[in-house]
Amino acid sequence: MNEGSSVLAVVDGVDGVPVVWWVDVGPRVAGMSRLCGAWVLDGDDRGRTLRTLTVSRVIVATASGQALLDEQEVVPDRFLDTEATFAAVVGVRDELQAVYEGEAVRKSALTPPRWPALPQPLDVKRAATPGGDPRTARALGIAQWLRSLCAAWDTIEEQRLARSYMRSVGGPTTRELPIVCQATWPAPVHRDPAAPTEAPIVAALVPTPRPPVEETVVVAPVPVALDGLSFVAIDVETANAHRGSICAIGAAVVRNGVVVATHSWMVRPAAGLDTFDRVNVRLHGIEADMVADQPSFAERLDQLVELADGLPLVAHNAAFDIGALREACIVADREWPTTDYACSLLMARRALDLISYRLPMVANECGISLVRHHDAGSDAEACAQVVLEIARRRNVGTFAALLSDLLMLPGRLDAAAWRGCHGTISQGSLPPEAAADANPEHPLYGQVLVFTGALSIRRQEAWDAAARCGAVVDKGVTKRTTMLVVGDGFTGSDPADFSTGKASKAVQWRAKGHRIEVLTEADLVDLLAETRMSGTRELVPA
């Protein structure tokens, strides 16, 4: 699914009561169930809750579910065509079988692929699984059919990727389930009982599958509204390597769980910091003549403070953005603004399991369109939407509750001191060879790093700096590796970047169940730039 969340909603109606099951049809995550939760909406606010549960999601609905959605004036964007999706999976399997048969003509010793047996095509009238609240049975039956189809697809992809001659069909990485959507309600399908769809004859080589582990049906709580979630997401761009050389500020204002305004301001850097390096210009496209007549940082800071009006700030890698604000204030002889702040990068690390937590990758996971990366306004809005999506997934409705749920403490900036945003407990244990005096709040604390590719700085310097932050550097990727730093100009801005080259090592290890994060050299430099997690200002402007 390339648009929106990978979690779709199954909607049924029982005696006029909406029933919703969420199913994750995206890439498989080890240890995570595809059945994300069930809701029986028998309260007074069922219409609003039904909209909350189905907004921006692909819908699968029974006839009674369709009627309830229409009654509550809920108009979904897209509807899953289960027949076409099932046919797409069958088509891919058959195409791969044909590739094997063609290759087997030339190479007689080939091991045949072991295709899974597919579930019967979905019959919404007969799809029912008893257990738990009986009102969830029909929606659960549809949800379990989708889960079975995803499981079959996962096996098809495993068989494809295990054979080099098949990777030309679909590429070198795992593809998502090929779902097919419609813009209007598909007609309900009813079939007489039939035998399960047979796999090609080579499936006879597969041992009898183990019975599936039955999951306890738990009716999840009604999702919390985001009415109490208000903040301002920010992003800054700089003219050069000095963090105080801010040349653009983006701000997205979130009030009551909705992005109500987005701003993108050009900034004239202070004299002495107004040199535009080629590397920076290549990223954001801003050049010196474009900001020559723009307001100074001090003027833009006043606008930002007025816009925020006491709301907490959030940035993706807040250590950089808040650090840039601090440095620019010092250069402009301005008092640091007083604000609480948080980091969506840290939120994503604690809420998601990704190969990279760069903003484009996190936005992609959250179903958020990020068209202009390094445009300050675009990045700020994407940051805001990431926080909102994480809050939805964690089912929390206030800023404080979100941080508490993620075991995070907010950062704090005031006129004379600052304290960084950090976790309440470290996610890494300190290996015995790490620096004993390292700060356990630093994001590199307890991490095991491996470097690959050429860096623009001496590798020994990078090793030493990482060690001072509590990390350990290994020479090769192993089971204990937690971060892979990729040089050679690797940007990691596109998910496709991870399917080839040195970053693919991490993909291979993650496929085996090891959680490894890929960092670019720029990511590492940002982490190393903030070696302290708190500090004071020696001279505070009067």
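Preceding block: the structure.
Residues numbered from 1 in each chain as written. Predicted model: local features only at pLDDT ≥ 70, side-chain atom pairs only at ≥ 80, totals over all residues. Heavy atoms only, no water.

Caption draft 1: Quick peek at the overall build of the chain. Tallying secondary structure elements over the chain gives 15 helices and 20 strands in all. Evaluated residue by residue, the chain yields a buried proportion of 51% over its 542 residues. Of the contacts made within the chain by residues no fewer than 6 positions apart, 70% connect residues no fewer than 24 positions apart. Carbon and sulfur atoms make up 52% of the accessible area of the chain, which totals about 25,100 Å². (Helix = DSSP H or I, 4+ residues; strand = E, 2+ residues; numbered from the N terminus. Buried < 20%, exposed > 50% of the residue type's maximum accessible area, 1.4 Å probe, protein only. Contact = heavy atoms within 4.5 Å. Areas by Shrake-Rupley, 256 points an atom, 1.4 Å probe, with all protein chains shown as cover.)

Caption draft 2: Summary view of unusual backbone geometry. Even without being glycine, D333 reaches a positive phi, approximately 55°. When you line up the elements, D333 lands in the loop between α8 (318-331) and β11 (339-343). In the Ramachandran plot, H374 falls in the positive-phi region, its phi being about 80° despite a non-glycine side chain.

Caption draft 3: Here's a closer look at the state of the cysteines. Inspection of every chain in the model, using the stated rule, returns 0 disulfides. This cysteine, C383, is not joined by any disulfide, and C343 carries the nearest cysteine sulfur, 8.0 Å off. (Disulfide = S-S within 2.5 Å.)

Caption draft 4: Fine view of the packing of helix α9 (residues 344-351) against helix α11 (residues 376-394). Here α9 crosses α11 at 30°, and the two axes come no closer than 10 Å. For the element pair α9 and α11, the recorded crossing hand is left-handed. Along the contact surface, α9 presents S344, M347, A348, R350 and A351, while α11 presents C383, V387, I390 and R394. Residues belonging to the contact of α9 with α11 are distributed by class as follows: 6 nonpolar, 1 polar and 2 charged. (Axes fitted to C-alpha atoms, helices over the stretch in contact; angles between N-to-C directions. Left-handed = near helix turned anticlockwise from the far one by under 90°. Nonpolar A, V, L, I, M, F, W, Y, C, P; charged D, E, K, R; others polar.)

Caption draft 5: Molecular detail of the pairing of strand β9 (residues 258-266). Judged from the 8 bridges that link them, strand β8 (residues 246-255) and β9 form a sheet pairing that is antiparallel. Across the sheet, residue A251 finds its bridge partner in β9, namely H263. Connecting β8 to the next strand, β9, in antiparallel fashion are 2 residues, including N256 with a positive phi near 55°. (Pairing = 2+ DSSP bridges.)

Caption draft 6: Structural context of the sheet that holds strand β10 (residues 313-315). Taken in spatial order, the 8 strands make up an open sheet running β9-β8-β7-β10-β11-β13-β14-β20, and their pairing is mixed. Each of the sheet's edge strands pairs with one partner strand only, and the pair in question is β9 and β20 (534-536). The sheet shows a mean angle of 20° between the axes of neighbouring strands, taken without regard to direction. Relative to strand β13 (residues 411-413), β11 runs antiparallel, the two being bridged by 3 bridges. Within β13, the residue paired with D340 across the bridge is R412. Strands β7 (231-238), β8, β9 and β10 of the sheet are contacted by helix α7 (residues 297-308), whose axis makes an angle of about 5° with β8.

Caption draft 7: The arrangement of the pattern of salt bridges in detail. By the definition in use, this model includes 19 salt bridges. Linking D353 and R515 is a salt bridge whose minimum nitrogen-to-oxygen distance equals 3.5 Å. Of this pair, D353 sits in the loop between α9 and α10 (359-365) while R515 sits in the loop between α14 (504-511) and β19 (517-520), and the two are 162 residues apart along the sequence. On the basis of relative accessibility, which here comes to 33%, the residue D353 falls in the partly exposed class. We note a salt bridge from R358 to D523, for which the minimum N-O separation is 2.5 Å. In this pair, R358 is assigned in the loop between α9 and α10 and D523 in helix α15 (residues 521-529), connecting sequence segments 165 residues apart. Taken together, the shared-partner salt bridges in this structure form one network comprising E365, E389, R392 and R393. (Salt bridge = Lys/Arg side-chain N within 4 Å of Asp/Glu carboxyl O.)

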